[in-house]
Amino acid sequence: MSTPMRILLLGSDRSDPDWRSSFDLLQAAAALDVPMEIGVAGAALDWLLPDPAVSCVIARAFSSLALLDLAPILARGPCPDALCTRQPVLPLRWIDPPVWRAWLRQADLQVW
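Per chain, the residues get numbers from 1 upward, laid out in the order the sequence is written. Given that this is a predicted model, residues contribute local features only at a pLDDT of at least 70 and side-chain atom pairs are listed and counted only at 80 or more, while totals for whole chains, interfaces and linings are drawn from all residues. With hydrogens and water set aside, each side-chain value is computed from the structure's full complement of heavy atoms.

In this section: the side chain of Arg6. As for its placement among the helices and strands, Arg6 is situated in strand β1 (residues 5–9). Of note is the side chain of Arg6, whose polar atom sits 3.4 Å from the backbone oxygen of Asp108. We count a stretch as a helix when DSSP gives it H or I for four or more residues in a row; a strand needs E for two or more, and each element gets its number in order from the N terminus. Counted as a polar contact is a pair of N or O atoms within 3.5 Å, where, for protein atoms, one must be capable of donating a hydrogen and the other of accepting one, and residues adjacent in sequence contribute only when both atoms are in side chains.

Rendered as structure tokens:
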């Protein structure tokens, strides 16, 4: 596969474990050395920028992906004030809104 699989993680405000399918996809693709470009927005930002006051199974799962050498995950900048003091569990690269929009339109995108 020459062009990377492009994935946008959006998450959900629901309390059910919808994060698991996103995590499984990233883990399988990384383990198989499938090239990926990953973006994150919305409720999925909480998966990667967890509240330190809350023990989070989701954050622990996503932090394990660091062992698989994922490229920095893209997020529309600037970082929201409510999240700026949090430590990301994976490398995040905040990009300017025009660059974010261009990334979204650049090629086919899978939304999770």
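Glancing now at the pairing of strand β2 (residues 36–40). Only protein chains enter the accessibility calculation, which uses a 1.4 Å probe. A residue is then buried if its area is under 20% of the maximum for its type, exposed if over 50%, and partly exposed in between. Taken across its 5 residues, β2 has 4 buried, putting it largely inside the fold. By the convention used here, strands pair only if DSSP detects at least 2 bridges between them. One ladder, built from 5 bridges, connects β1 with β2; its direction is parallel. By the bridge assignment for β2, Met5 is matched with Met36. Across 2 bridges, β2 lies against strand β3 (residues 73–76) in parallel orientation. Its bridge partner lying in β3, Val40 is registered against Ala75.

The next thing to look at is the sheet that holds strand β5 (residues 110–111). Within a sheet, neighbouring strands are paired by backbone hydrogen bonds and run either parallel or antiparallel to one another. One open sheet holds the 5 strands; their spatial order is β4-β3-β2-β1-β5, and the pairing between them is parallel. Whereas interior strands pair on both sides, the edge strands pair on one side only; in this sheet they are β4 (92–95) and β5. Where helix α1 (residues 19–31) meets the sheet, it contacts β1, β2 and β5, and its direction lies at approximately 155° from that of β1. Here a residue-residue contact requires only that any non-hydrogen atoms of the pair lie within 4.5 Å. In this description, a line fitted to the C-alpha atoms serves as the axis of each element, helices being fitted only across the stretch in contact, and the angle between N-to-C directions of two axes falls anywhere from 0 to 180 degrees.

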